[in-house]
Each structure stands twice: as C-alpha cells, then as structure tokens.
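Overview (structure and organization)
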Amino acid sequence: MELLRVKDLGKHFGGLTAVDGLSFQLRPGEMLGLIGPNGAGKTTVFACLSGFLRPEQGEVLLEGQTLVGLAPNRICELGLARTFQIVRPFLNISVLDNVMVGALLREKSVARARALACEVLGFVGLGHLAQSPATGLPLPLRKRLELAKALATRPKVLLLDEVMAGLNPTEVDELIAFIRRINAQGVGILLIEHVMRGVMALASRVLVINYGQLIAQGTPQEVVGNQEVIEAYLGRGLKHA
Amino acid sequence: MRRLYLLLGLLLAVLLLLPLVLDKYLLGIFVMIFYYAYLGQSWNVLTGYTGHISLGHALYVGIGAYVSTFLAQKFGLTPWLGMLAGGALAAVVALGLGYLGFRFGLRGVYFVILTISCAEIARLVVSHIDAVGSFSGIFLDFHPGFANFQFRGNVHYYYISLGFMVLGSLAVHLLARSRTGRLMVAIREDEQAALALGVDSFKYSMIAIAISAFMTSLAGTFYANYVFYLSPNSMFGMALSIDLILRPIIGGLGTVLGPIIGSFVLTPLSEVSRTYFAQSGLEGLHLVLYGVLAILVVLFMRQGILVYLARALRPWLKLEE
Ligand SMILES: Nc1ncnc2c1ncn2[C@@H]1O[C@H](COP(=O)(O)OP(=O)(O)O)[C@@H](O)[C@H]1O
Ligand SMILES: [Mg+2]
C-alpha cells in the first residue's frame, strides 16, 4: 500500500485556482520531488496536506486514513510533518529547547524528550549549538534546525519546502547527505526544491506542476528534457530561439 | 546555578527574619510586594509563558475575593476553603473565556478586548447584585483568628503573602520545566510552528488560562481579608488589571524571577509615593510615576530588569554551570 495518497486535490483563493485536481502517491521509503515555477502552487499543496489549509476538493490519505479536515497538530501526530519555506524557529529559546518541542510529541517525559532531541541535533550536525539561543543562528543553520524540529516528531512522511534555498553548494551537499540518511531510516519524503542539484541527487521521481496542475512526471532526467516543463520555466518565447 | 539557589535561599532566610525588626507600616509594604509579585507570577503563566495577553485579570481577583467572602458571611465557611471554591469558579470562568478566544481564533488585540470586556461585564454584574453589596461593596467584620483568615497587625499577613509568593513562584518554576510548560512557550513563540510539531495549542492554552485564573483568584481572597473591604471597582476594575501586569513586564516577562524583581522595584515606589502624594493632595500622581518608570524600562531595558541583572551577576553566580 502507498504511504501517502493524494486524489484530485483542489484549492482556490477567491478566483485563483492554486491547486487544480492534483493526484499522486508516495510509496514507503520513496523520495518524491515536487517542482514548478514560482507561484505554481507547491507550498499550497503542502499546506493542504498538513492541515494548515483546507482543500475544497479531493482526498488525502496517510496509510489509508483521511487527513482532510483534521487539525495540523493531529496530522503531525498521525505521522506527517512539514517544514516551512520561511523557517519558523522559536527565537527566544535554545536550539535544544526548539527541538524538544517536537520530541515531546512522542516522548511524554521531559528527560527522554531531551535525549531524543540531542540525538536529532547530533544527526543534523547542530549538537555543539544545543545550548545557544535560536536567535543567534544564521540562515543555513536555521534551515537545519527547521529540519531537526520536524524530524524530532518521528514522522512517517516528511514534507520539505525549499530547505536548500539560499545555501551555498557545500551546505547543499551537506543537507543532501542528511536527507538521504533520514530517508534511509524509512521516512517517506516529499521535496519541494528549486535547487535542481538537490532534486536530481535525491528524488527518484519528480512531479512538475504549473498553475496548480500536474504537467509532467518521471525521473529527474526525463522531466528536465520535457518540452512542456522547459516552457513552463522559461516561457514559450524560447521555443523559437 | 548552585550559587543562584544559594543566593535565593539566603534572601529567603532574610525575608523570614525581617518581621523581627520591621514595624507595621514597613511590613505592610512587604505584604504588598509579595502580593503583587504573586499576582504577576499568576498572570505570567498566561501571558508571559503562553503569549495570550490578558488585560482583564482583575476578573479573577474579584471572583476570588467575592466568592470566599460571600461564603464566609453567608455560610460561615472558612476563607481557606472558600479560596478554593473561588479558585474553581475562576478557572471555570476562564475556561469559558478561553473557549471563546482560542476556539474562534481571537488573537492579539482581539483577545485583549475579550479579556477587558469579560472583566467589565463582571464588574457591572456584581455592581447590581444586592447579595454582595451591589455598588457599595462589602465591609468585612473583624473576627481575628486563623480559621477566619484575619489577624491583628501585619506579621501573619506578611508570612502568608510571603508563602503565596514563594509557593506560587515554585509552582511556576516547575510548570515551566514540565512538558506542559514547554509546549506553552512554543505556543507563545510561534503558534503555527507549534501546531506543525503536533502541539495542541487549544488544549495547552486552555490549561494555561485555567492555572493562571486559579492562582490569581487565591490572591483575591487574601486581599479581601487583608483590607476588609471589597468593591466592584477596586476588585474587578481596569486599574487593578493594569496594575498587576506592570511588575512582570518591568521585571521580565516569561521568567520566574521577573515578577518578583519587578515587584521589589515598583511596589515600594508605588506605596511610598501613594502615601506621600495623597498627603500633599496629589492623589493618583503615583500612577503617573509608574507610567514613567514603565516607559523607561520598556525603552531602555526591553526584556525587563532581570536580563540586565543576570548579566551583571553572571560571573559571580556562575550561571553557565
Ligand atoms: N493565503 C493565500 N491567499 C491568497 N493567495 C495565495 C495564498 N497563498 C498562496 N496564494 C497564491 O497561490 C498561488 C500559489 O502559491 P504557492 O503555493 O505559494 O506557490 P509556490 O510555492 O509554488 O511558489 C500563487 O499565485 C500565490 O500568490
Ligand atoms: Mg513556495
């Protein structure tokens, strides 16, 4: 059975159709890329899956259980966690305390949650900054923190929204390695990414959306050669060039 | 850290011995210091830790004061138990208010307006209930005795209010380190991000407001039996709602020591200037004084006095440990 199944998802903002009849599946242990030009509706898809927006149409099933209509915290409890494109650290508390909030979802004792949080921080390479306030972190480290918080909730499915944006190539490579290791532990990953190197390295399959519609899917290599995809990114004018 | 606990223990020992040397007037000032520190601590649970700004906490002070006094006068129930009844009612009322606010997504100024409105409604309702003295309020008869929560002089009140402050602070300290407290702080920091990590923000906001209201109302019972007079305006009024939030703001929001430090700075100033200005026919001028002080702190010590104090004492206290 699929881990996550999305059927005919639709979301409108007034007259604007942000997500238009999108269907896809995520298999256990799979890493799926979701790409498309700015404003294509990728973040909106994540918001619909994670309960922050309620889709007007369609179904979302996590291991057969329907998610539409559930509160975001319930969806996280069921095993689907997300990161935010614009990272949202808890600024006035320490890095460790940030991750502990996620860890406390599964570990009801503070001591065990602390242990889990430390483990996750070590995993993403933030162990040495555990006691620093989150305010002090530069953006690349904030992105790792965002990842660590979501990871501490022990998700079955992890939605990553442009976690590599704004990072330099070395940082991107480090993050790619982390995400591989998360995936190796059996977590299904849905990845929104503009950094093509990240998508190419990680995703076994890629969905391309434009104006909320699925316009292509396949392996990363297939997709980047697809004429419609090139047009979506570069505009039609280039066809004649 | 051990030095910090040592210092606090030492200060507590000094406070325990003070009644040996202070006169009634000075003890009275300390009673008010402890009382406002405790109130600030109680309010801090909802606003400092969980981030929901209440400007109507007089509501719970009033409920505590009126319920225990009414039960004592009508049924002879000792205020020590009446206090718990008041606390229970305050928690229930707070849960009602919280339900409206948290279920329907009232945040920021909208939540503030809800808290003000509820306190004002309560003040007007109580002003029209004859059984509790309507506009003119209730005078308590003086029957000194432990069971009546009434005492001659200020020594008993001193120790009781000190107990409130110390136990209240200890309770908040433990809460802040617990799972519940950590989730409350996450809600304060960023409610959406907390939701994304599985935090049930509705549930923990409700817990926070119930604890905060319960604690606050206990202070109402204390105050009623300390001043022997309650009126709708003094117990439910906006002035008290504002007064009780100034100390944690000045001392340090969302910290256990903040309300205490804030109260040690502000309360003596307020008490002394109140008496002094009243003598010279300038009643109410003490409020201006505090306003100015609050503005200065907000301008120059944005996070409250505690942060600066901690920084200054850091080397000696070895806070890093
Ligand atoms: N809360 C919102 N209200 C109105 N329009 C929105 C909202 N969120 C996104 N949109 C619009 O929906 C479209 C898709 O946005 P988004 O999902 O953020 O795109 P992407 O993440 O692919 O860049 C855009 O046109 C955007 O302006
Ligand atoms: Mg986006």
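Residues numbered from 1 in each chain as written. Chains lettered and ligands numbered in written order. Predicted model: local features only at pLDDT ≥ 70, side-chain atom pairs only at ≥ 80, totals over all residues. Heavy atoms only, no water.

1. Considering the packing of aromatic side chains
Residues and elements named next belong to chain B. Inclusion rule: Only rings of Phe, Tyr and Trp enter the pairing, Trp through its six-membered ring, and a pair is recorded when the two centres are within 6.5 Å. The plane angle decides the type: under 30 degrees is stacked, over 60 is edge-to-face, the rest tilted. Secondary structure follows DSSP: runs of H or I at least 4 residues long count as helices, runs of E at least 2 residues long count as strands, and numbering of each begins at the N terminus. Only protein chains enter the accessibility calculation, which uses a 1.4 Å probe; a residue whose area is less than 20% of its type maximum is buried, one above 50% is exposed, and one in between is partly exposed. Our definition puts a charge over a ring when NZ of Lys or CZ of Arg is within 6 Å of the ring centre and also within 35 degrees of the ring normal.
Considering all chains together, one arrives at 27 aromatic pairs over all chains under this definition. Ring geometry for Y66 and F236: centres 5.6 Å apart, planes at 40°, overall tilted. Remark: F236 occurs in helix α10 (residues 232-236) and Y66 occurs in helix α3 (residues 58-75); sequence separation between them is 170 residues. Taken together, a centroid distance of 5.4 Å and an interplanar angle of 80° make the contact between F151 and Y157 edge-to-face. Y157 matches F151 in its accessibility class, with the two residues each being buried. In textbook terms, an aromatic cluster arises when at least three aromatic residues are bridged by ring pairs, as seen for Y35, Y36, Y38, W80, F146, F149, F151, Y157, F164, F222, Y223 and Y226. The ring of F202 has R103 sitting right over it, with the charged end atom 3.9 Å from the ring centre. Sitting over the ring of Y308, R311 keeps its end group 5.4 Å from the ring centre.

2. As for the confidence of the model for chain B
In plain terms, the rule: Values of pLDDT, which run from 0 to 100, indicate the predictor's confidence residue by residue.
For chain B, mean pLDDT is 91; residues scoring 70 or higher make up 98% of the total. Two summary scores accompany this predicted model of the complex, namely pTM at 0.92 and ipTM at 0.92.

3. Some details on the site of ligand 1
Residue and element names in this part refer to chain A. Selection rule: Note on definitions. A residue lies near a molecule or strand when any single heavy atom of the residue is within 4 Å of it. Whenever a nitrogen or oxygen atom comes within 3.5 Å of another N or O atom, the pair is scored as a polar contact, on the condition that within protein one atom can donate a hydrogen and the other can accept it, and that pairs from neighbouring residues in sequence are kept only if both atoms are in side chains. In this description, accessible areas are obtained by the Shrake-Rupley approach with a 1.4 Å probe, and a residue is regarded as covered only by the protein chains that are shown.
Around ligand 1 sit F13, L16, A18, P37, N38, G39, A40, G41, K42, T43 and T44, and those are all the residues in its vicinity. Within the backbone of G41, an N or O atom sits 2.9 Å from an oxygen atom of ligand 1. Within the contact set of ligand 1, an oxygen atom lies 2.5 Å away from a side-chain nitrogen or oxygen of T44. The fraction of the free accessible surface of ligand 1 (560 Å²) that becomes covered by protein chains is 59%. Among the elements of the structure, β2 (16-26) and α1 (42-49) are those that each provide at least two residues to the shell around ligand 1.

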